[in-house]
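Given next are the chains, with one letter for each unit.
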Amino acid sequence: GALAASSVHIVMEWERAVVMRFGRFNRVAGPGIVFTWPVIEFYTVRIDQRVAATYFGAEETLTSDLVPINVDAVLFWMVWDAEKACLEVENYYNSVSLVAQTALRDAIGRGGAAEVAIRREQLDRELKRVLEEKVAPWGITVLSVEIRDIVIPKDLQDTMAAAAKAEREKDARIVLAEVEKDVAAMLHDATDIYKEDELAFKLRQMHLVNQSLRESSGSLVVPSAYAEGFVEKASGKAAPTHE
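Nothing here was measured: the structure is a model prediction, and the numbers come from that model.

About the criteria used
- Residues numbered from 1 in each chain as written.
- Predicted model: local features only at pLDDT ≥ 70, side-chain atom pairs only at ≥ 80, totals over all residues.
- Heavy atoms only, no water.
- Pairing = 2+ DSSP bridges.
- Helix = DSSP H or I, 4+ residues; strand = E, 2+ residues; numbered from the N terminus.
- Axes fitted to C-alpha atoms, helices over the stretch in contact; angles between N-to-C directions.
- Contact = heavy atoms within 4.5 Å.
- Expected span 1.5 Å × (residues − 1).
- Buried < 20%, exposed > 50% of the residue type's maximum accessible area, 1.4 Å probe, protein only.
- Polar contact = N/O pair within 3.5 Å; in protein donor to acceptor, adjacent residues only side chain to side chain.
- Patch = residues over 30% accessible without salt bridge, like charges linked within 9 Å, V, L, I, M, F, W, Y side chains within 5 Å.
- Areas by Shrake-Rupley, 256 points an atom, 1.4 Å probe, with all protein chains shown as cover.
- Salt bridge = Lys/Arg side-chain N within 4 Å of Asp/Glu carboxyl O.

Novice: Explanation requested: the sheet that holds strand 2 (residues 15-21) in the structure shown.
Specialist: Where strands meet in a sheet, backbone hydrogen bonds hold them as pairs that are either parallel or antiparallel. Strand order in the open sheet formed by 3 strands is 3-2-5, and the pairing between neighbours is antiparallel. For this open sheet the edge positions go to strand 3 (24-29) and strand 5 (41-48), each flanked by a neighbour on one side alone. With strand direction ignored, the average angle separating the axes of adjacent strands in the sheet is 25°. Across 5 bridges, the pairing between strand 2 and strand 3 is antiparallel. Paired with Val 18 across the bridge in strand 3 is Val 28.

Novice: How should the sheet that holds strand 6 (residues 52-62) be read in this particular structure?
Specialist: Spatially, the 3 strands line up as an open sheet ordered 6-7-8, and their pairing is antiparallel. This sheet does not close on itself; its edge strands, each paired only once, are strand 6 and strand 8 (140-151). Averaged over all neighbouring strand pairs, the angle between strand axes comes to 20°, with direction disregarded. Helix-sheet contacts for helix 3 (residues 92-109) involve strand 6, strand 7 (68-79) and strand 8, and the interaxial angle to strand 6 is about 35°.

Novice: Is there a simple way to think about helix 3 in this case?
Specialist: Given 3.6 residues to a turn, an α-helix orients residues that are three or four positions apart in the same direction. In this model helix 3 runs 26 Å from its N-terminal to its C-terminal C-alpha over 18 residues, within 8% of the 26 Å that 1.5 Å per residue would give. Along helix 3, the residues that are buried comprise Tyr 92, Ser 95, Val 96, Ser 97, Val 99, Ala 100, Ala 103, Leu 104, Ala 107 and Ile 108. Its side-chain oxygen placed 3.2 Å from the backbone nitrogen of Tyr 93, Asn 91 serves as the N-cap of helix 3.

Novice: Just checking my understanding: could you explain a nonpolar patch on the surface for this structure?
Specialist: On the surface, a cluster of nonpolar side chains totalling about 620 Å² of accessible area is made up of Leu 3, Phe 22, Trp 37, Val 39 and Ile 40. Assignment of secondary structure puts Val 39 in the loop between strand 4 (32-35) and strand 5.

Novice: What is the right way to look at the environment of Ile 108 in this model?
Specialist: On the secondary structure map, Ile 108 appears in helix 3. Linking Ile 108 and Leu 62, residues 46 residues apart in sequence, is a C-alpha distance of 7.3 Å. Among all residues touching Ile 108, those that are not within four sequence positions of it are Ala 58, Thr 61, Leu 62, Thr 63, Ser 64, Ile 69, Val 71 and Val 116.

Novice: Where do I start with the side chain of Glu 41 in this structure?
Specialist: Within the fold, Glu 41 resides in strand 5. Here Glu 41 falls in the buried class, since its relative accessible area comes to 5%. Within polar-contact distance, the side chain of Glu 41 engages the side chain of Arg 21 at 2.2 Å. Residue contacts for Glu 41: discarding those within four places in its chain leaves Val 19, Met 20, Arg 21, Asn 26, Arg 27, Phe 35 and Thr 36.

As structure tokens, then:
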């Protein structure tokens, strides 16, 4: 009765039992009731095939520009081959965590502090690719890698913020210089037009005077000599003046 009781096992829906016979792999059993031959067979481990979340991080890791930063991340993975997870690695839970930490430190060391801080999505994809190559022989698949937090020293944060502000000011000045260049080119073209047409230049003057009066709600006294300049050469009639 004792031998019969020891040969009956209950395996949960999300589990798989690896059964060994005389020390050699025999089969993957479950879920449900699993029977083993007493003394001859036994199952070594139950493999949980649900999605697992492993938290890992890299503390005081130096970037390529020798800046120490702290990075926290989470890895989502699952076992798809119970046989490999049992036979190829001693403790797949701990092994996945150690591999993830090593891959994260290597990825941080290849980039600068600013690059690591702004390329989270690219870092996620890079870590996922590296981890998939390492854990695939263990029968494990990586679902996703997500960077939770990146902590940079306070003094370096101020320095990076000042550098980013200076870069934005530089870009703004470049844009302003390009605009001034375009305006100068248009004014040069307008000057050529006004040189050829004196009446157009005088009308432009009157338009500017009228616009300034409307904005200031004031009045302007125009000398008669100035007003006489706005005379159409072709018809000999005076141009209308604005008060």
